[in-house]
Amino acid sequence: MDSSVDGAEQEEKERSSSPAGLQSPHMDRNPSPPPDQADGEEEEDLDAIGDTVYSKHWLFSTLTRLIQMVTEHSEENSEDQMPLSDEEEEDLCRVWDMAMDKDVAGFLQEFKAADILLGVIAKSRCPRLTEICVGIIGNIACFPDTCASLSQNEDLGDVLLLLLGDADPPTLLETTRLLLTCLSQKDSCSLWLQRIRQQTSVCSSLCFIMSSSTNTDLLEKVGELVDKLFDLDEELMKCWLTSQPSEEKERDGDIHLDLSLCLLEAAKQLRSENPNGLEVYLHILQLLTTVEEGIQVFAAPDGPGKPVWEFVSDVVCEDLCQPNDLPVVLHEQKSILIQALSVLQALYRCQDLWCSRNDTSPSLIGSVFQVCQHQNESKNEASNKDEANDDQLQTLAEITTEFLADLCLNIKKETVAELIKKDYLTQKTCQAAADCLIPNYKTSFQHLQTALSETDPQLADVMRIQFPV
């Protein structure tokens, strides 16, 4: 499988800061140390963290106050949610922002800050404080050395995977971001994959988020995490696809969530508000179709195949391909079109096994003809090497041709008549289809030609003269 996220880029992408509304004001440096230590450049140099202007003393005192605060609260009333004052929150958000610096991240790791923060998470019962603590650890993990060190912490691994079952969306977002960061580091990903395989609750936790959350940022990040996991570990994907509820869980009343239907629900939620997130979920669905277990799930008579087909078909026809779109639109949509058409092609071959199926809509067939025509025009008019050598465009061309070949092999004359009536099938689109199909799918083109002869003999004669096969 291809890896969808480059490690170095992911490090930068996954560094998080405190949310804009609660983020501390921009500072040139941290609050100065006490007066008796602030005199003289030498003392300031000793207090600075690495090459930064951040203060070791201020950081120590902030973390010490945090420990005291949590300890006092747990001793007084461990069951109540711990209050967090504006000043305390602001100071912790400064630590969160500071941890984006490599020197600070290394210093925090050397200072065993992760153990301190894990202790806080265990005792705080304050969602905002938990979110900040996970965010700080997430920023520490953005660098290879600190991530490798953090990843050896078994307690951290256990806590993070359990936090996926938390009810607080901001905490879930930071937890997911941290896991994605660790999986994107080549020296750490195998250890995290092993933990995730062993912790069976991860699948059900992620499925619950995908099926129930309306937070688009969280859904996109969870999608990226699932996509990364399946890209790295095909066996894990197969296991999650075929997992069945245990007898113990059934007795406890736990609801078993179907992975593919959860992916579908998240994709529906993201469709109108987050195209990037939608593309992530389409890629996950495409990955599922690359293994036999996935095809079996989608081919099941009462399985998720038909609803997924209907949703992705609608996305292609309504969102990605409009009748008057220019070829440049194809270039802009090429990545998501690859995922969508790949899914549809795989599901098209499962339709005969579904309990009920409808004929493929003319609008979908027309959209595939349209993509084929745009590609043909772009190929003939390619004016630069970059466009001619665009790997994504070439991949899209291959997938479109294969799907069109399947469609034409089973096309009915009534469908061809409707395509002509709605201007989906014209001489220009027929010529583009011929250029695509004849080299490797001559039988499909001949079937289209036969159906065309019964509905528009004049156009069929033109095609027969131009493309004798």
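Residues numbered from 1 in each chain as written. Predicted model: local features only at pLDDT ≥ 70, side-chain atom pairs only at ≥ 80, totals over all residues. Heavy atoms only, no water.

Chemist: What is the right way to look at the overall build of the protein in this model?
Modeler: In terms of helices and strands, the protein carries 28 helices and zero strands. Across the 469 residues of the protein, 50% fall into the buried class. In the protein, the proportion of contacts linking residues at least 24 apart, taken out of those at least 6 apart, comes to 78%. (Helix = DSSP H or I, 4+ residues; strand = E, 2+ residues; numbered from the N terminus. Buried < 20%, exposed > 50% of the residue type's maximum accessible area, 1.4 Å probe, protein only. Contact = heavy atoms within 4.5 Å.)

Chemist: I'm lost on the packing of helix H25 (residues 413-421) against helix H27 (residues 442-455) in this one. Help?
Modeler: Between H25 and H27, the shortest axis-to-axis distance is 9 Å and the interhelical angle comes to 70°. On the basis of the axis angle, H25 is roughly perpendicular to H27. Classified by chirality, the crossing of H27 by H25 is right-handed. Between H25, through Lys-413, Val-416, Ala-417 and Ile-420, and H27, the contact on the second element is made entirely by Leu-448, Ala-451, Leu-452, Glu-454 and Thr-455. Classifying every residue of the contact of H25 with H27 gives six nonpolar, one polar and two charged. (Axes fitted to C-alpha atoms, helices over the stretch in contact; angles between N-to-C directions. Parallel < 35°, antiparallel > 145°, perpendicular 65-115°, else oblique. Left-handed = near helix turned anticlockwise from the far one by under 90°. Nonpolar A, V, L, I, M, F, W, Y, C, P; charged D, E, K, R; others polar.)

Chemist: Looking at this structure, I do not really get unusual backbone geometry. What am I missing?
Modeler: Note: most peptide bonds trans; most residues except glycine with negative phi. With a phi angle near 60°, Lys-112 is a residue other than glycine that sits in the positive phi range. The backbone of Arg-125 shows a phi angle near 55°, a positive value even though the residue is not glycine. Mapped onto the elements, Arg-125 comes out in the loop between helix H7 (113-124) and helix H8 (127-140).

Chemist: Just to check I follow, could you spell out the pattern of salt bridges for this structure?
Modeler: Two side chains carrying opposite charge are able to pair once their charged atoms lie near each other. Taken as a whole and judged by the stated rule, the model has 18 salt bridges. Residue Lys-413 is joined to Glu-454 by a salt bridge in which the shortest nitrogen-to-oxygen separation is 3.8 Å. Separated by 41 residues along the polypeptide, Lys-413 in helix H25 and Glu-454 in helix H27 bring together distant segments of the chain. Among the ionic contacts, a cluster of salt bridges with common partners joins Arg-65, Glu-90, Asp-91 and Arg-94. (Salt bridge = Lys/Arg side-chain N within 4 Å of Asp/Glu carboxyl O.)

Chemist: Can you walk me through helix H10 (residues 154-163) in this structure?
Modeler: The set of residues buried in H10 consists of Leu-156, Gly-157, Leu-160, Leu-161 and Leu-163. Buried residues of H10, viewed axially, fall in a sector of 155°; they line one side. Within H10, the exposed residues directed more than 90 degrees away from the buried face are Asp-155 and Leu-162. The opening residue of H10 is Asn-153, an N-cap whose side-chain oxygen sits 3.0 Å from the backbone nitrogen of Asp-155. (Arc of directions from axis to C-beta. Polar contact = N/O pair within 3.5 Å; in protein donor to acceptor, adjacent residues only side chain to side chain.)

Chemist: How should I be thinking about H7 in this particular structure?
Modeler: Because each turn of an α-helix spans 3.6 residues, side chains separated by three or four positions in sequence point in the same direction. Taking 1.5 Å of rise per residue, the 12 residues of H7 would be expected to cover 16 Å, and the 16 Å separating its terminal C-alpha atoms lies within 8% of that figure. When H7 is considered as a whole, its buried residues turn out to be Ala-113, Ala-114, Ile-116, Leu-117, Leu-118, Val-120, Ile-121 and Ser-124. Positive backbone phi, approximately 55°, marks Arg-125, located one or two places after H7. (Expected span 1.5 Å × (residues − 1).)

Chemist: Can you help me understand the nonpolar core in this one?
Modeler: Most often, soluble globular proteins keep nonpolar side chains buried together rather than apart. If you look at the biggest cluster of nonpolar residues, it comprises 141 residues, and the most contacted ones within it are Leu-129, Met-210, Phe-230, Trp-240 and Tyr-281. Take this core: its biggest share by element is 10 residues, from helix H21 (residues 327-348). (Core = buried A, V, L, I, M, F, W, Y, C linked by side-chain atoms within 4.5 Å.)

Chemist: Can you walk me through the confidence of the model for the protein in this structure?
Modeler: The predicted coordinates ought not to be read in detail in places where the model reports low pLDDT. Mean pLDDT over the protein: 87, with 86% of residues reaching 70 or higher. Confidence over residues 20-34 falls short of pLDDT 50; this stretch has 29 contacts with residues more than four positions distant or in other chains. (pLDDT = per-residue confidence, 0-100.)

Chemist: What's the story with the side chain of Gln-345 in this structure? I'm lost.
Modeler: In this fold, Gln-345 is placed in helix H21. The buried category is assigned to Gln-345, whose relative accessible area is 9%. In this structure the side chain of Gln-345 is engaged in a polar contact, spanning 3.4 Å, whose partner is the side chain of Glu-402.

Chemist: Help me understand the environment of Asp-319, please; the structure alone is not making it clear to me.
Modeler: Mapped onto the elements of the fold, Asp-319 is located in helix H20 (residues 305-320). Judged by its relative accessible area of 33%, Asp-319 falls in the partly exposed class. When the C-alpha positions of Asp-319 and Arg-271 are compared, they lie 9.1 Å apart, and in sequence the two are 48 residues distant. Not counting the four nearest positions on each side in its chain, Asp-319 is found in contact with Arg-271, Asp-314 and Gln-333. In this structure the side chain of Asp-319 is engaged in a polar contact, spanning 2.7 Å, whose partner is the side chain of Arg-271.

Chemist: Can you help me understand the packing of helix H24 (residues 391-409) against H27 in this one?
Modeler: For any two helices packed against each other, one specifies the crossing angle of their axes together with the interaxial distance. Packing of H24 against H27 leaves a shortest axis separation of 8 Å and a crossing angle of 45°. Between H24 and H27, the interaxial angle falls into the category oblique. The interaxial crossing formed by H24 with H27 has left-handed handedness. From H24, Ala-405, Cys-408 and Leu-409 reach across to H27, where they touch Thr-443, Ser-444, His-447 and Leu-448. Looking at the contact of H24 with H27 residue by residue, the class counts come to four nonpolar, three polar and no charged.

Chemist: Teacher, can you tell me more about the side chain of Gln-373 here?
Modeler: Position of Gln-373 relative to the elements: it lies in helix H22 (residues 362-381). Take Gln-373: its relative accessible area is 14%, and that puts it in the buried class. Beyond its immediate sequence surroundings of up to four residues, Gln-373 is in contact with Lys-428, Thr-429 and Ala-432.

Chemist: Explain the state of the cysteines here, please?
Modeler: Any covalent bond linking the sulfur atoms of two cysteines counts as a disulfide. Evaluated as defined, the whole model comprises zero disulfides. Lacking any disulfide linkage, Cys-321 is separated from the closest cysteine sulfur, that of Cys-317, by 7.4 Å. Cysteine Cys-430 shares no disulfide, and the gap to the nearest cysteine sulfur, in Cys-408, comes to 9.0 Å. Look at Cys-430 and you get buried, because its relative accessible area is 1%. (Disulfide = S-S within 2.5 Å.)

Chemist: Sorry, what's going on with the environment of Phe-311 here?
Modeler: Assignment of secondary structure puts Phe-311 in helix H20. A residue is classified by how much of its surface remains accessible, and Phe-311, at 8% relative accessible area, is buried. For the pair Phe-311 and Lys-268, spaced 43 residues apart in sequence, the C-alpha separation works out to 7.9 Å. In contact with Phe-311, other than residues within four places in its own chain, are Leu-264, Ala-267, Lys-268, Arg-271 and Leu-278.

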